[in-house]
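So you can see what is in the structure, the chains are spelled out below.
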Amino acid sequence: MNIKKELWKEIDNRKEQLIDLCCQLIKMPTENPPGEMEDITEFICKYLEKFGVENKVHRPKPNKPNIVAKYGNEKGKKLIFNGHADVVPAGDLSKWDFDPYCGKVKDGKILGRGTSDMKAGLGGVIFVMGLLAEKKIPLDGQMFLTVVPDEEISGELGTKWIVENNIVTGDACVVAEPTGYDNCEVGQRGTLWVNLKAEGTSAHGSLSPYVGDNAIEKLIKVLEGIKCLTKLHGEYEGEVKEVIKESKIAAKECLNKPGVENIIDHVTVNIGQIKGGTKTNMVPDSAQADVDIRIPLGVSTQRVIDNIDKVIEDLNLKGITYTYSWRSEPNNVSINSEIVKAVKRNTKDVLGIDISATYQWASSDARYFRSAGIPTIQYGPANTEGIHSYNETVDVKDVINAAKVYAGMVLDMLVYD
Ligand SMILES: [Zn+2]
C-alpha cells in the first residue's frame, strides 16, 4: 500500500521530531509514587491539539488524569493504543551514570528513567497519531490513544477504570509496553498477593516451648507448606502449547539461570515481607507474611486458593488466616487474531525479521483489555537492562522502527481496500 510507504518515509524524514518528543516526555519526572501527572497530561494534550486531534481528560480522582484521544471515522472498527505516562522512581541517584531526567541522546540511545518503560513507545504512538491527523489520512475506522497515570501502582484508576466504565471500547488493542523490537507479548501470568497471619499466645521467653503458642513458628510451617504450590503447572495443546514452548526458550535466553524457564508454565511463590513478635524474651503472639504468587495459563487463582486451604488444613494449626489484596487471572490473545497478524506483518516489512510471540512472566495493564474481551498485544521498543533499575535507555533506531510499525498497524486495521 503506497500510503504506508509514504508515511514510513515521512517518519524517517521527521525522526528528529519524534526523538525530541520522547526526550520531552523523559524530562518530565512522573515518578509514581507520588505520581504527579498533570504537567505531562497537559503537554500531551497540547501536542495532540496542535494537529487537531480530539482529546478529553477523564479524572476518576484529582491528579489521576486519563487522556482519551481519537482520530478517524467513528462508524468503523476501533483500534486502541495504550500507554502509561508514570514511571518508577529513579532510586539511588549515585547508581546512575547520567541524570535520569536529562532526556538526552548519546551514542544512538535516549537516556533516562522511563525511556524503555515506556515513554519511547508512548511517544511513538503520540507522534503517529499527530502525523495521521496532520496529513489528514482518511481512516475507515477509528484510532484511539489512552494515556493512563498509574500503571506502576496497579492501574486501578487508569486502564482498569477506563475499561470498566466503558470510557473506551475497541476491536483490538496495542499496549506500547517494552517488549523489544523482535518480540510481541501475547499473554501473561495471573497474580495472587496473599497476606498470611498467624495468631498465638504470649508467654515469658524462658518458658518456651512448654508455655505459650509461638506464632512465628506456626507461620514458618505454613510458609514451608505453601512452597508446594510451585509444583502446579498448566497442561497445554494447540497454539498455546507452541507459544509456551517459544516463551520458555526466550525466558531461558533472557534470564540465563538453571530452571528459570519454569516461570512460564509453573506457579511461582515469593515470600516478600515478613514480620512478627515483640521482643526476644517474649513468645510471639502474632506474625504475618506477604506472599507474591504468580500463576501461569492453565492454572486458575481458585485452584491456587484451594491448594493454600489444603496446606493449612493438613498442618492442623490453630489461628492461621489469610486475605488477598491482588487477584488477577492469567490471560492471553490468540496468535491467529488479526492484531497479532498485523504486528507480525509490519515488523516483517519494517525490520525484515519474523518476530516471536511470547507470554510474559509478569503482568501489565493488557490484562484489563483482555478481560473486557478486547484482543490485546504488547509491542514497544526496549533495552531491558535498565527497566525498573538504573541507567535506563532506549535505542533511537528502535523508537523510529516501532513508530513505523504502529503506523502500519493503523493502516492495516483501519483502512479497508
Ligand atoms: Zn510499563
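Residues numbered from 1 in each chain as written. Predicted model: local features only at pLDDT ≥ 70, side-chain atom pairs only at ≥ 80, totals over all residues. Heavy atoms only, no water.

## Here we look at the overall build of the protein
Helix and strand content of the protein: eleven helices and 16 strands. A globule of 417 residues ought to have a C-alpha radius of gyration of about 22 Å, and the protein, at 24 Å, matches this closely. Counting only C-alpha atoms, the protein reaches 85 × 45 × 40 Å along its principal axes. Of all 417 residues assigned to the protein, the portion counted as buried reaches 53%. A fraction of 81% describes how many contacts in the protein between residues 6 or more apart in sequence connect residues 24 or more apart. On the protein, roughly 18900 Å² of surface is accessible, and the fraction owed to carbon and sulfur atoms is 49%. Separation of charge centres in the protein, based on 51 positive and 60 negative side chains, amounts to 1 Å. (Helix = DSSP H or I, 4+ residues; strand = E, 2+ residues; numbered from the N terminus. Rg over C-alpha atoms; globule rule 2.2 N^0.38 Å. Buried < 20%, exposed > 50% of the residue type's maximum accessible area, 1.4 Å probe, protein only. Contact = heavy atoms within 4.5 Å. Areas by Shrake-Rupley, 256 points an atom, 1.4 Å probe, with all protein chains shown as cover. Lys, Arg positive; Asp, Glu negative; His and termini not counted. Charge placed at Lys NZ, Arg CZ, Asp CG, Glu CD.)

## Quick word on the coordination of the zinc ion
The zinc ion binds to the protein through His84 (NE2), Asp117 (OD), Glu177 (OE) and Glu177 (OE), with metal-donor distances spanning 1.9 to 2.7 Å. Binding-site remark: the zinc ion is held by donors from one chain whose sequence spacing is H-x32-D-x59-E. Here aspartate 117 is found in helix H4 (residues 115-134), whereas its partner glutamate 177 is found in the loop between strand S7 (172-175) and strand S8 (183-188), with 60 residues between them in sequence. Its relative accessible area of 6% is what places aspartate 117 among the buried residues. (Donors = N, O, S within 2.8 Å, 3.2 Å for Na, K, Ca; no water.)

## Overview of the environment of valine 350
Residue placement: valine 350 occurs in helix H9 (residues 338-351). Note: C-alpha distance between valine 350 and tryptophan 8 (342 residues apart in sequence) is 8.8 Å. With sequence-adjacent residues up to four places away left out, valine 350 is seen in contact with Trp8, Asn401, Lys404 and Val405.

## Quick notes on the side chain of glutamate 177
For the buried glutamate 177, no salt bridge is present, and the opposite-charge side chain at shortest range is arginine 367, 8.6 Å distant. In this structure the side chain of glutamate 177 is engaged in a polar contact, spanning 3.3 Å, whose partner is the side chain of histidine 84. Once residues within four sequence positions are removed from consideration, glutamate 177 is found in contact with His84, Asp117, Met118, Glu151, Ser364, Gln378, Tyr379 and Gly380. (Salt bridge = Lys/Arg side-chain N within 4 Å of Asp/Glu carboxyl O. Polar contact = N/O pair within 3.5 Å; in protein donor to acceptor, adjacent residues only side chain to side chain.)

## Looking at a nonpolar patch on the surface
Taken together, the side chains of Leu207, Tyr210 and Val211 present a nonpolar region at the surface, about 350 Å² in accessible area. Take leucine 207: it is sitting in the loop between strand S9 (190-199) and helix H6 (215-225). (Patch = residues over 30% accessible without salt bridge, like charges linked within 9 Å, V, L, I, M, F, W, Y side chains within 5 Å.)

## Brief notes about the environment of valine 304
Mapped onto the secondary structure, valine 304 falls in helix H8 (residues 301-315). Along the primary structure valine 304 and lysine 245 are separated by 59 residues, whereas in three dimensions their C-alpha atoms are 23 Å apart.

## As for the sheet that holds strand S10 (residues 268-276)
Pairing is antiparallel across the open sheet formed by four strands, whose spatial order is S10-S11-S9-S12. Of all the strands in the sheet, just S10 and strand S12 (320-328) have a single pairing partner and so form its edges. Neighbour-to-neighbour, the strand axes of this sheet turn through a mean angle of 15°, independent of strand direction. Where S10 lies against strand S11 (residues 286-295), eight bridges are found, and the strand directions are antiparallel. Looking across to S11, one finds that lysine 275 is bridged to glutamine 288. Against the sheet, H8 engages S9, S11 and S12, with an angle of about 170° to S12. (Pairing = 2+ DSSP bridges. Axes fitted to C-alpha atoms, helices over the stretch in contact; angles between N-to-C directions.)

## Some remarks on the pairing of strand S3 (residues 78-84)
The buried fraction of S3 amounts to six of the seven residues, a majority that puts the element mostly inside the structure. Here S3 pairs with S7 via four bridges, running parallel. In the sheet register, leucine 79 faces S7, and the bridge partner there is alanine 172.

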